[in-house]
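# Chains, contacts and geometry: an overview
Each chain, letter by letter, is given below.
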Amino acid sequence: MTEQDLVSSVMYPKVFDEYEHFIRDFGEVTDLPTALYFTGMDPGEEVSLVHAGREIKIKYVASSSLRPDGTKDVFFEVMGLPRTVTVTDKSAVSSTKRNVRADEDNVKHIGAPMPGNILEYKVKKGDTVKKGDPLVALTAMKMETLVTAAVDGVVAEICLSDGDTMEAGDLLVRME
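What you see is a predicted model; the values in this text were computed from it and never measured.

### Focus: the overall build of the protein
Along the protein, the regular secondary structure elements total three helices and 12 strands. Computed over its C-alpha atoms, the radius of gyration of the protein comes to 21 Å, more than 25% above the 16 Å expected for a compact globule of 176 residues. Taken over the C-alpha atoms alone, the protein extends approximately 55 × 45 × 25 Å along its principal axes. Residue burial in the protein is summarised as follows: out of 176 residues, 23% are buried. Considering only contacts in the protein between residues 6 or more positions apart, those separated by 24 or more positions represent 40%.

In structure tokens:
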């Protein structure tokens, strides 16, 4: 941690925590030109970045159609090699149903370990559970997985319903 990071964390703890989460999720973005960071690239546009003393050329090729879950594939080239990533289209998110995400720093938030469907909740709101007790049965690619309580507690909220579709990290159960 640099001296500047220390001062920032003391003066603006909430903002600094958000910044740290951003860096952890997306990596360092200080090498990106400001206009590119805020507006993105157009198909066919190319940008050169210097990272770790090496010039990296990135060319945005195209993107796929929007899926019902608000995601699409983005096709680009890095140093002439084709790459594809799946991203959430933030301009379309408001029209799609998104489940609440589990806070990975909160042990009382029980999140989905993988994408799939909820087969059956094994608990209801108000139930007292011990560490290791079954909470919810999930199914993905015809395989069942049982999610268990990570800590002792009381079920405060059942966040989805039997049969719902979820993504990895979606909040399944909130405990007190």
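There is more to say, and it comes next.
### A word on the sheet that holds strand β8 (residues 134-140)
Taken in spatial order, the four strands of this open sheet run β9-β8-β6-β11, and their pairing is antiparallel. The open sheet is flanked by β9 (143-148) and β11 (165-166), the only strands paired with a single partner. Both strand β6 (residues 116-121) and β11 contribute to a ladder of two bridges, which runs antiparallel. In the sheet register, Gly 116 faces β11, and the bridge partner there is Met 166.

### Quick look at helix α2 (residues 13-26)
In a regular helix each residue adds 1.5 Å, so 14 residues correspond to 20 Å; α2 covers 20 Å between its end C-alpha atoms and thus fits that length. Within two residues after α2, Gly 27 carries a phi angle of roughly 85 degrees, on the positive side.

### Considering the packing of aromatic side chains
Scanning all chains against the criterion turns up two aromatic pairs. Summarising the aromatic geometry, the rings of Phe 16 and Tyr 19 are spaced 6.0 Å apart at their centres and angled 40 degrees between planes, so their arrangement reads as tilted. In this pair, Phe 16 and Tyr 19 are both assigned in helix α2, three residues apart and thus about one turn of the helix distant. Given a relative accessible area of 7%, Phe 16 falls into the buried group. When its relative accessible area of 37% is taken as the criterion, Tyr 19 is described as partly exposed. Summarising the aromatic geometry, the rings of Tyr 37 and Phe 38 are spaced 5.1 Å apart at their centres and angled 85 degrees between planes, so their arrangement reads as edge-to-face. The exposure class assigned to Phe 38 is exposed, which follows from its relative accessible area of 63%.

### Thoughts on the pairing of β8
Walk down a regular strand and you will see the side chains alternate between the two sheet faces. Along β8, five of the seven residues are buried, which leaves the element largely enclosed by surrounding structure. Relative to β8, β6 is paired through four bridges, and the arrangement is antiparallel. Among the inter-strand pairings, Tyr 121 is bridged to a residue of β8, identified as Val 136. Bridge count between β8 and β9: six bridges; the pairing is antiparallel. Its bridge partner lying in β9, Pro 134 is registered against Thr 148. Counted along the chain from β8 to the antiparallel partner β9, the turn is two residues long, and its residue Met 141 has a positive phi close to 50 degrees.

### Re the sheet that holds strand β10 (residues 153-158)
If you trace the four strands from one edge of the open sheet to the other, you get β5-β12-β10-β7, paired in antiparallel fashion. The sheet is open, and its two edges are formed by β5 (109-111) and β7 (128-129), each paired on a single side. Where β7 lies against β10, two bridges are found, and the strand directions are antiparallel. Looking at β10, one finds that Thr 128 is bridged to Val 154.

### Overview of the pairing of β10
Where β10 lies against strand β12 (residues 171-175), three bridges are found, and the strand directions are antiparallel. Paired with Glu 157 across the strands is Arg 174, a residue of β12.

### As for the environment of Val 61
Secondary-structure assignment places Val 61 in strand β2 (residues 54-63). With 21 residues separating them along the chain, Val 61 and Pro 82 place their C-alpha atoms 9.0 Å apart. Ignoring sequence-local partners within four residues, the contact set of Val 61 consists of Pro 43, Gly 44, Phe 75, Phe 76 and Glu 77.

Thresholds, definitions, all that
- Residues numbered from 1 in each chain as written.
- Predicted model: local features only at pLDDT ≥ 70, side-chain atom pairs only at ≥ 80, totals over all residues.
- Heavy atoms only, no water.
- Helix = DSSP H or I, 4+ residues; strand = E, 2+ residues; numbered from the N terminus.
- Rg over C-alpha atoms; globule rule 2.2 N^0.38 Å.
- Buried < 20%, exposed > 50% of the residue type's maximum accessible area, 1.4 Å probe, protein only.
- Contact = heavy atoms within 4.5 Å.
- Pairing = 2+ DSSP bridges.
- Expected span 1.5 Å × (residues − 1).
- Phe/Tyr/Trp six-rings, centres within 6.5 Å; stacked < 30°, edge-to-face > 60°.

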